[in-house]
Amino acid sequence: MAIVRDGAHVESNVIASQTDLHARFGGVVPEQASRAHLRAILPALEEALATADADWDDLDAIAVTYGPGLAGALLVGVNVAKGLAYARRKPLLGINHLEGHVYANWLEIPGPVATEPTFPLVALVVSGGHSDLVLNAGHGQYRRLGRTRDDAAGEAFDKVARLLGLGFPGGPAIEREAAHGDPARFAFPRAWLDSGSWDFSFSGLKTAVRHQVLDLGVDPDHASPAERLAKLPVADLAASFQAAVVDVLATKAARAARQFGATRLALGGGVAANRTLLRRVERLAELPVLCPPPSLCTDNAAMIAAAGYYRFRAGERSDMRLDVEPGMPIG
């Protein structure tokens, strides 16, 4: 839950994290996630209002994610938002979760006046469930250039982290280990796909890491996490894997920005919190690169409020028929 002013100034941003809940399972369990949403949503709302020192008269509209994502978790948020909009007589705005990751780039910009987005821009949105390359021609105007054909980048980070005994979530663990490793030790593949394709594929890379672990004498199906950490060159494996992911993501994003005449290249999503990815994109791009601070790369409500502000300003509204779209694309 968050309260955002003018699409940029974060008055409050409450995150009820479920990381510890899902860590024991090695990934998100949908039923557990939905129940945790139910328990957390009203306390998070109360905390957001209290932190911002706001009441309902201060709020102009209610924005809510209605897709993509886990159906059960989305249903909790959408139904609470619709109930609040009806009871408090506030306009309702359904927001694409991926669009929110793009608008996180204009949150918490220093200065009294909000910085307006400039277009066209190319956005690379990479997370546990998505790897999308998008041309953003204006507010609400998206054309998806490329997407993942199998595993998303964040999903690959999670699965490789489990292979190496690093646990969940995988992204931060891989980045920490990679900082001490040799990214050139293992020649993992880069899936460039068809000539001219902006799509991504990481399943082959994940499989290559698994085969390398087996070649090093460790069976990940039977070895405990402690055994893997003790017997494997984890730092080098992590660094080499991370380099392969970053190379493809950064190269395609920079090429797309040049080809489509973007004024900016924007990063978003949990994998964008990876500073190695950011540095690589900055080196390859020939234009300004935007990236939210790590706390706003991962899922949060402030980014949804930011996207909602621009749709509200344009006169858009959703009605009480708003329903969840778990598989919603962007563009």
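Residues numbered from 1 in each chain as written. Predicted model: local features only at pLDDT ≥ 70, side-chain atom pairs only at ≥ 80, totals over all residues. Heavy atoms only, no water.

### Focus: the overall build of the protein
Then comes step 1: Per the secondary structure count, the protein includes 12 helices and nine strands.
Then comes step 2: Against the compact-globule benchmark of 20 Å for 331 residues, the protein has a radius of gyration of 20 Å, which places it among compact chains.
Then comes step 3: For the protein, the spread of C-alpha atoms along the three principal axes comes to 65 × 45 × 35 Å.
Then comes step 4: Per-residue burial over the protein gives 50% buried out of 331 residues. (Helix = DSSP H or I, 4+ residues; strand = E, 2+ residues; numbered from the N terminus. Rg over C-alpha atoms; globule rule 2.2 N^0.38 Å. Buried < 20%, exposed > 50% of the residue type's maximum accessible area, 1.4 Å probe, protein only.)

### Notes on the sheet that holds strand β6 (residues 131-138)
Then comes step 1: Taking strand neighbours across the sheet as the criterion, the five strands line up as β7-β6-β5-β8-β9 in an open arrangement whose pairing is mixed. Each end of this open sheet is capped by a strand with a single partner; those strands are β7 (141-146) and β9 (289-290).
Then comes step 2: Pairing of strand β8 (residues 264-268) with β9 involves two bridges; the strand directions are parallel. Bridged to A266 within β9 is L290. (Pairing = 2+ DSSP bridges.)

### Concerning the nonpolar core
Then comes step 1: With 54 residues, the main nonpolar core has L133, L164, F188, F241, L249 and L265 as its most contacted residues.
Then comes step 2: Elements supplying a minimum of two residues to this core: β5 (121-126), β6, α5 (153-163), α6 (170-178), α7 (203-215), α9 (234-259), β8 and α10 (275-284).
Then comes step 3: Aside from chain neighbours lying at most four places away, what touches L265 is V122, A253, A254, A257, V281, A285, L287, P288, V289 and L290.
Then comes step 4: Counting 23 residues, the second largest nonpolar core, distinct from the first, contains I95, L121, A123 and I330. (Core = buried A, V, L, I, M, F, W, Y, C linked by side-chain atoms within 4.5 Å. Contact = heavy atoms within 4.5 Å.)

### Considerations on the environment of A40
Then comes step 1: Residue placement: A40 occurs in helix α2 (residues 30-52).
Then comes step 2: With 43 residues separating them along the chain, A40 and G83 place their C-alpha atoms 16 Å apart.

### Some words on the pairing of β7
Then comes step 1: For β6 and β7, the ladder comprises five bridges, and the chain directions are antiparallel. The partner of V134 across the bridge, within β7, is R144.
Then comes step 2: Where β6 hands over to β7, the hairpin turn is made up of two residues, of which G140 adopts a positive phi near 75°.

### Describing the packing of α5 against α9
Then comes step 1: Orientation of α5 relative to α9, taken along the N-to-C sense of each, is 175°, at an axis distance of 11 Å. Between α5 and α9, the crossing angle belongs to the class labelled roughly antiparallel. Along the contact surface, α5 presents A153, A156, F157 and V160, while α9 presents F241, Q242, V245 and L249.
Then comes step 2: The residue makeup of the contact of α5 with α9, split by class, is seven nonpolar, one polar and no charged. (Axes fitted to C-alpha atoms, helices over the stretch in contact; angles between N-to-C directions. Parallel < 35°, antiparallel > 145°, perpendicular 65-115°, else oblique. Nonpolar A, V, L, I, M, F, W, Y, C, P; charged D, E, K, R; others polar.)

### With respect to the confidence of the model for the protein
Then comes step 1: Residues at a pLDDT of 70 or more form 95% of the protein, whose mean pLDDT is 93.
Then comes step 2: Confidence scores differ between elements of the protein, with helix α1 (residues 19-23) showing the lowest mean pLDDT of 66 and strand β4 (residues 92-96) the highest of 98. (pLDDT = per-residue confidence, 0-100.)

### Quick notes on the packing of α6 against α9
Then comes step 1: Put simply, α6 and α9 touch, their axes get as near as 7 Å, and they point 110° apart. With respect to each other, α6 and α9 are oriented roughly perpendicular. The handedness of the crossing between α6 and α9 is left-handed. Of the residues in α9, those touching α6 at I174, E175, E177 and A178 are V234, A235, A238, A239, F241 and Q242.
Then comes step 2: Tallied by class, the residues present in the contact of α6 with α9 amount to seven nonpolar, one polar and two charged. (Left-handed = near helix turned anticlockwise from the far one by under 90°.)

### Structural notes on the state of the cysteines
Then comes step 1: Evaluation of the coordinates by the stated rule reveals zero disulfides.
Then comes step 2: Here C291 stays unpaired: no disulfide links it, and the sulfur of C297, its closest cysteine neighbor, is 4.2 Å away.
Then comes step 3: Accessibility expressed as a relative area gives 21% for C291, which makes it partly exposed. (Disulfide = S-S within 2.5 Å.)

### Side note on the environment of G165
Then comes step 1: Mapped onto the elements, G165 comes out in the loop between α5 and α6.
Then comes step 2: Judged by relative accessible area, G165 falls into the buried class, the value being 12%.
Then comes step 3: A C-alpha to C-alpha distance of 5.9 Å links G165 and L229, two positions 64 residues apart in sequence.
Then comes step 4: Sequence-distant contacts of G165, that is, excluding residues within four places in its chain, are made with P225, R228 and L229.

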